[in-house]
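Next come the chains, spelled out residue by residue.
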Amino acid sequence: MLQHARHRIADMSLVEVSRGCPRRCRFCAAGHVYRPYRIRTLETLEREIISNLHPHNKIGLLGAAVGDHPDITHLVHLIATHGAAAAVFFLRVDTLSEELVERLRESGQRSFTVAPETGSERLRQVIAKDLTNAEIFAAVALLARHKITRLKLYFLIGLSCRA
Ligand code: SF4
């Protein structure tokens, strides 16, 4: 998961994009408790975003798996084209694309939090976080190409595997 936390939530209009998560990381409630993963339609989201838009304000796009929404790039771009800033809190690195990062940067995103959870691919497999080190490094390189260089890393403490 990849998160962004540069904006104060109190200063934003918040729009829920989706609920739950289609992944099943073993340590995470969102992937188990809030099933099934549900997304709001593009039409509904556009209407809600536009009704919350004011020049120079910030729209926070909420959801545990915002990056899995098929229209996330379009929504970030929509916010930017209206002179507002988009804030996305949760994005897995494997949902990033060149275009999405470009749109996030355009809409004011300057930092991200990446959640490898552990440095070990083996342990990541055990907790069902299906990201490889190569995917994480590729995402960091992608962010750096777009001059998003302030990164925070999240790790789980106390993981061990006897198998
Ligand atoms: S991808 Fe993120 S939100 Fe989804 S189950 Fe894994 S840790 Fe939870």
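Presented here is a report on the structure given in the accompanying data block. (Residues numbered from 1 in each chain as written. Predicted model: local features only at pLDDT ≥ 70, side-chain atom pairs only at ≥ 80, totals over all residues. Heavy atoms only, no water.)

Considerations on a nonpolar patch on the surface
Heads up, the condition is: Exposure above 30% relative accessible area and the absence of a salt bridge qualify a residue for a patch, where like charges join within 9 Å and nonpolar side chains (Val, Leu, Ile, Met, Phe, Trp, Tyr) within 5 Å. With residues, only the protein chains shown are counted as cover, and all accessible areas are computed by Shrake-Rupley using a 1.4 Å probe. Any carboxyl oxygen of Asp or Glu that lies within 4 Å of a side-chain nitrogen of Lys or Arg is treated as forming a salt bridge with it. Burial here depends on accessible area, computed with a 1.4 Å probe over protein chains only, as a share of the maximum for the residue type. Under 20% is buried, over 50% is exposed, and the range in between is partly exposed.
Side chains of Phe27, Leu156 and Leu159 sit close together on the surface and give an oily, nonpolar patch of about 210 Å² of accessible area. Overall, phenylalanine 27 belongs to the partly exposed group, its relative accessible area being 37%.

Re empty space enclosed by the protein
Cut-off, in case you're wondering: With a 1 Å grid spanning the protein atoms alone, the term cavity applies to any set of points in which a 1.4 Å probe fits but cannot get out, the term pocket to an open set with protein on both sides within 12 Å along at least five of seven lines, and the term lining residue to any residue with an atom within 4 Å of a point. Grid points are joined across faces, edges and corners, and a volume is the space filled by probe spheres set on the points. Side-chain classes follow a simple rule in which Ala, Val, Leu, Ile, Met, Phe, Trp, Tyr, Cys and Pro form the nonpolar group, Asp, Glu, Lys and Arg form the charged group, and the remainder, Gly included, forms the polar group.
Applying the stated criterion across every chain yields a total of one cavity of 30 Å³ or more. Every residue lining the largest cavity is listed: Cys21, Ala64, Ala65, Gly67, Asp68, Leu91, Arg92 and Thr95. A class-by-class count of the residues in the lining of the largest cavity yields four nonpolar, two polar and two charged.

Some words on the pairing of strand β5 (residues 58-62)
Defined as follows: By this definition, two strands are paired if DSSP reports at least two bridges between them. Helix and strand assignments follow DSSP, with helices taken as H or I runs no shorter than four residues and strands as E runs no shorter than two, numbered in order from the N terminus.
Summarising the sheet, strand β2 (residues 12-16) and β5 pair through five bridges and their orientation is parallel. Note on β5: the bridge partner recorded for leucine 14 is glycine 60. Pairing of β5 with strand β6 (residues 85-88), which is carried by four bridges, proceeds in the parallel orientation. When the bridges of β6 are listed, lysine 58 appears paired with alanine 85.

Brief notes about the pattern of salt bridges
Across all of its chains, the model carries 10 salt bridges by this definition. With a shortest N-O distance of 3.4 Å, arginine 23 and aspartate 94 are connected by a salt bridge. Of the two residues, arginine 23 is situated in the loop between β3 (18-19) and β4 (38-39) and aspartate 94 in the loop between β6 and α3 (98-106); the sequence distance between them amounts to 71 residues. Using a relative accessible area of 19% as the deciding quantity, one classes arginine 23 as buried. A salt bridge links arginine 40 to glutamate 48, with the nearest nitrogen and oxygen atoms 2.7 Å apart. The partly exposed category is assigned to arginine 40, whose relative accessible area is 26%. By relative accessible area, which is 24% here, glutamate 48 ends up partly exposed.

Remarks on the sheet that holds β2
Short version of the rule: Between the N-to-C directions of two axes lies an angle of 0 to 180 degrees, each axis being a line fitted to C-alpha atoms and, for a helix, fitted only over the stretch in contact. Contact between two residues is taken to exist if any of their heavy atoms lie within 4.5 Å; hydrogens are not considered.
Read from one edge of the open sheet, three strands run β2-β5-β6, paired in parallel fashion. The open sheet terminates on both sides in strands that have one partner only, identified here as β2 and β6. Taken over all neighbouring pairs, the strand axes of this sheet differ in orientation by 25° on average, direction set aside. The strands touched by helix α1 (residues 42-52) within the sheet are β2 and β5, with β2 carrying the most contacts at an inclination of about 170°. Across the sheet, helix α2 (residues 72-81) lies against β5 and β6, angled at about 165° from β5, the strand it touches most.

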